[in-house]
Amino acid sequence: MPLEIVQIPVLNDNYVYLAREPSANAVAVVDPAVHEPVLAELKKRNWTLTHILNTHHHPDHVGGNMALKQATGCRIVGPKADAERIPGIDVALADGEQWTLGDEAAVVFDVPGHTRGHIAYWFQRSAALFCGDTLFALGCGRLFEGTPAQMWHSLGKLLALPDDTRIYCAHEYTESNARFAVTVEPGNETLHLRYQRIRELRSKGLPTVPSTLGEERATNPFLRPMSENLRMTLGLLNADDVSVFAETRRRKDTFRG
Ligand code: ZN
Ligand code: FE
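Residues numbered from 1 in each chain as written. Chains lettered and ligands numbered in written order. Predicted model: local features only at pLDDT ≥ 70, side-chain atom pairs only at ≥ 80, totals over all residues. Heavy atoms only, no water.

Caption draft 1: Expanded view of the coordination of the zinc ion (ligand 1). Surrounding the zinc ion (ligand 1) are the protein donor atoms His 56 (NE2), His 58 (ND1), His 114 (NE2) and Asp 133 (OD), at 2.2 to 2.3 Å. All donor residues of the zinc ion (ligand 1) come from one chain, and their arrangement in sequence is H-x1-H-x55-H-x18-D. Between the zinc ion (ligand 1) and the iron ion (ligand 2), a spacing of 3.2 Å is present, and a bridge between the two is formed by Asp 133. Placement of the pair is His 58 in the loop between β4 (51–53) and α2 (59–62) and His 114 in the loop between β8 (104–110) and β9 (119–123), with a sequence separation of 56 residues. The exposure classification of His 58 matches that of His 114, with both residues buried. (Donors = N, O, S within 2.8 Å, 3.2 Å for Na, K, Ca; no water. Helix = DSSP H or I, 4+ residues; strand = E, 2+ residues; numbered from the N terminus. Buried < 20%, exposed > 50% of the residue type's maximum accessible area, 1.4 Å probe, protein only.)

Here it is, written out as structure tokens:
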């Protein structure tokens, strides 16, 4: 049976996720920015928290760690490369390792770039990817502790996953990402259609997350440095992919739209 996944919107634009593996009744929370809404959701569903899965050390991803551990006795799982910055960590994971929730395995990817030690969890059987602040719907994380080459390499690992993989990212940034995306790849008709759907959803206060990797592959400019239209807009027709990615990221950093 696939994971049951519950999306909990917290703070301004963060998404915290509960993932329950039904056969073992194991329940993980991914990137708990805060603890109260998580405890409330667990109580409402009569679920018992067994694990916290952290993708990286930022406060809006680990802020609820200690209070949740204290309240539930759960175990905390996070990136080995940044173990000293993950409050309460019990299990430290690195690239290619497997970790199981109940009877469902997740493959862990090291995806540095946004931070030095950032990991993503891929639950293959459920076609679910928890990627924190690495890949967003129509966007990618800012490069606080990494280089464009590192981030492009990290995104390459995610690009190798199947198109039907659902992308459970940690923020609802999609509409402003879309506003930027249409300026750098104006010739992408699929992107324009997606932008329309995103505006409709957001005008009703509905989430645009999760998307699928297939949609991102077709429309997310940060995954499309090979696009001729994008390259033309950036004036980088003959540059390598890393340079095109780097310029896209640089323009987004200063985009006001
Ligand atoms: Zn972050
Ligand atoms: Fe974040």
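Caption draft 2: Region of interest: the domain arrangement of the chain. Domain boundaries assigned for the chain yield domain 1 (4–169) and domain 2 (174–253). Of note, the centres of domain 1 and domain 2, computed from C-alpha atoms alone, are 24 Å apart. Contacts between the two partners involve 27 residues from domain 1 and, on the opposite side, 30 residues from domain 2. Each partner contributes to the roughly 2,400 Å² buried at the junction of domain 1 and domain 2, and carbon and sulfur atoms together form 67% of this total. With a shortest N-O distance of 3.6 Å, Arg 142 and Asp 253 are connected by a salt bridge. Residue assignment for the side of domain 1 that touches domain 2 shows that the elements contributing at least two residues are β2 (14–21), β11 (135–136), β12 (139–140), α4 (148–159) and β13 (166–169). Among the elements that take part in the side of domain 1 that touches domain 2, α4 stands out by supplying seven residues, more than any other. (Domains from an automatic or database assignment. Contact = heavy atoms within 4.5 Å. Buried area = accessible area lost by both parts, 1.4 Å probe. Salt bridge = Lys/Arg side-chain N within 4 Å of Asp/Glu carboxyl O.)

Caption draft 3: Expanded view of the environment of Leu 129. Among the structural elements, Leu 129 can be located in strand β10 (residues 128–132). On a C-alpha basis, the gap between Leu 129 and Lys 69 in space is 24 Å, while along the polypeptide they are 60 residues apart.

Caption draft 4: Quick look at the sheet that holds strand β7 (residues 98–101). One open sheet holds the six strands; their spatial order is β7-β8-β9-β10-β13-β14, and the pairing between them is mixed. Since the sheet does not close on itself, it has two edges, and those belong to β7 and β14 (211–212), each with one partner. Where β10 and β13 come together, four bridges link them in parallel fashion. Bridge assignment links Phe 130 to a residue of β13, and that residue is Tyr 168. (Pairing = 2+ DSSP bridges.)

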